[in-house]
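# Close look at the chain arrangement
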Amino acid sequence: MKAKSAEFITSAVRPAQFPAPGLPEVAIAGRSNVGKSSLINTLVGVVGLARTSNTPGRTRLLNWFRVVPQKGPPFALVDLPGYGYARVPKDMRSSWRPLIESYLSDRDVLRGVICLIDARRGAQNEEIELFEWLEQVGVRAIPVLTKIDKLAKSKRKPAGAALKRQLGLSRSPLLCSAHSKEGLADLWRTVSGLV
Ligand code: GTP
Ligand code: MG
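Residues numbered from 1 in each chain as written. Chains lettered and ligands numbered in written order. Predicted model: local features only at pLDDT ≥ 70, side-chain atom pairs only at ≥ 80, totals over all residues. Heavy atoms only, no water.

Take the pattern of salt bridges next. Within this structure, the stated rule accounts for six salt bridges. Taking the shortest distance from any N to any O, the salt bridge between Asp118 and Arg120 comes out at 3.0 Å. The class for Asp118 is buried, based on a relative accessible area of 9%. Among the residues examined, Arg120 registers a relative accessible area of 43% and is labelled partly exposed. When the shortest N-O distance is used, the salt bridge between Arg189 and Asp186 registers 2.5 Å. On the criterion of helical spacing, the pair formed by Arg189 and Asp186 is a turn pair, its members being three residues apart in helix α5 (residues 184–194). For Asp186, a relative accessible area of 37% gives the class partly exposed. Within this structure, Arg31, Glu126 and Glu127 form a network of salt bridges that share partners. (Salt bridge = Lys/Arg side-chain N within 4 Å of Asp/Glu carboxyl O. Buried < 20%, exposed > 50% of the residue type's maximum accessible area, 1.4 Å probe, protein only. Helix = DSSP H or I, 4+ residues; strand = E, 2+ residues; numbered from the N terminus.)

This part takes up helix α1 (residues 36–44). Of all the nine residues making up α1, eight are buried; the element is thus mostly covered by neighbouring parts of the structure. Where α1 is concerned, the buried positions are Lys36, Ser37, Leu39, Ile40, Asn41, Thr42, Leu43 and Val44. Buried-residue contacts for α1 involve β1 (5–12), β2 (25–30), β3 (62–68), β4 (75–79), β5 (110–118) and α5. Gly45 sits one or two residues past α1 and shows a positive phi near 80 degrees. (Contact = heavy atoms within 4.5 Å.)

Turning to the packing of aromatic side chains, a few remarks are in order. The description of two aromatic rings rests on the distance between their centres and on the angle between their planes. According to the stated counting rule, one finds five aromatic pairs in the structure shown. Pairing Phe18 with Trp64 gives two aromatic rings, centres 5.5 Å apart and planes at 55 degrees, and the pair type is tilted. Of this pair, Phe18 sits in the loop between β1 and β2 while Trp64 sits in strand β3, and the two are 46 residues apart along the sequence. According to the relative accessible area criterion, Phe18 is buried, its value standing at 16%. Judged by centre distance (6.1 Å) and plane angle (85 degrees), the rings of Phe75 and Trp188 are edge-to-face. Residue Phe75 is located in strand β4, and its partner Trp188 is located in helix α5; the two are separated by 113 residues in the primary sequence. Across this residue pair, the class does not change: Phe75 and Trp188 are buried. Among the aromatic side chains, those forming a connected cluster through ring pairs are Phe18, Trp64 and Tyr103. (Phe/Tyr/Trp six-rings, centres within 6.5 Å; stacked < 30°, edge-to-face > 60°.)

Written as structure tokens, this is what we have:
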């Protein structure tokens with residue numbers, strides 16, 4: 001399940017710093033602290049590749065990682081800064097949004113966005129807006145409920161069904177956990193299908 005290799009490529013705080021488009025890219029988006037960086041690390045099997053933290057708002061840049069899977073061609077995973085964290089100063093939030101939007105709406109090599117949603121919280125306004133917005137700009141969004149290790153087994157399917165209804169999805173979302181590693185094989189398959 002883990003990658004053959006994975007390495008940091010570069011970070012960007014503004015569009016001029018985005019690397020020249022090359023490899024197909026899959027971005028990981030979601031609320032601050034939802035576990036984007038953790039999921040990248042567990043998915044590729046490299047501890048500490050993407051920086052994680054208990055402090056929401058840890059990832060303030062876009063970070064590119066080159067991933068060589070066991071099978072198939074190399075691609076890049078892009079760790080996006082989290083949204084929806086109220087304690088981040090307003091001016092900083094207002095500079096993030098255009099940065100993320102400029103990446104998501106204007107990146108030819110972008111094949112899809114893994115949208116992480118905390119299984120205990122479900123989709124809120126920000127998630128619904130993100131899905132609507134991605135649809136508008138024509139970028140494929142892959143809904144994933146994460147941190148399911150925190151949810152009793154009996155509550156997982158209902159959480160998936162609720163999200164499906166809420167976002168009007170045609171299929172149930174993937175359920176996964178960076179900690180227990182549940183659902184990661186499915187996520188790998190999905191990512192491989194995108195690139
Ligand atoms: P920002 O960079 O701030 O946007 O956060 P992030 O989305 O990258 O989250 P990060 O990976 O830094 O994880 C935030 C916290 O959630 C850390 O304390 C992680 O240990 C925890 N966490 C991440 N994934 C999981 C998971 O699957 N299950 C549980 N229980 N905790 C998780
Ligand atoms: Mg992060």
